[in-house]
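# Topology and contacts: notes
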Amino acid sequence: MRSADLGIAITDDLARSPAGFEPNLFVYDNYPGGIGQSAALFRMNARLLAGARELIRSCSCDAGCPACVGPLGEIGEGGKLAAIRLLKELIPA
């Protein structure tokens, strides 16, 4: 599987969430008709999220970097903390 085979989209629906920001992460086959990779990733959801959380937590940077959450210019200040908080909400206790 190549990284270009998958696409991602992140949206938020402020109208549906009275609490404010409600992020939605979509992972989809980036190939016309799909080739089934999204379904396999969906089945690995808990493992993928736990791996992402561990990667971010174990990074030695303070606020986020290209290795753990992406370039500062794209994620903004506090990207690392925001990613950890988001993953905390997504991972069942």
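Reading the values: the criteria
- Along each chain, residue indices are assigned from 1 in the same order as the chain's sequence is written.
- Local features in this predicted model are restricted to residues of pLDDT 70 or higher, and side-chain atom pairs are both shown and tallied only at a pLDDT of 80 or more, whereas totals for entire chains, interfaces and linings draw on every residue.
- Side-chain calculation: all heavy atoms of the structure are included, whereas hydrogens and water are not.
- Each helix is a run of H or I in the DSSP string that is no shorter than four residues. Each strand is a run of E no shorter than two, and both are numbered from the N terminus.
- Each residue is assigned to one of three classes by its accessible area relative to the maximum for its type, calculated with a 1.4 Å probe on protein chains only: buried under 20%, partly exposed between the two thresholds, exposed over 50%.
- Methods summary: accessible areas were calculated by the Shrake-Rupley approach with a probe of 1.4 Å, and residue burial reflects only the protein chains presented.
- The criterion for a disulfide is a pair of cysteine sulfur atoms lying within 2.5 Å.

Here we come to the overall build of the protein. The helix and strand inventory of the protein stands at 4 helices and 2 strands. The proportion of buried residues among the 93 residues of the protein is 22%. Accessible surface computed for the protein: about 7,100 Å², of which carbon and sulfur atoms make up 58%.

So, on to the state of the cysteines. Applying the stated criterion across every chain, the model contains 0 disulfides. The structure places no disulfide on Cys65, whose sulfur is separated from the nearest cysteine sulfur, that of Cys59, by 3.5 Å. Look at Cys65 and you get buried, because its relative accessible area is 17%.

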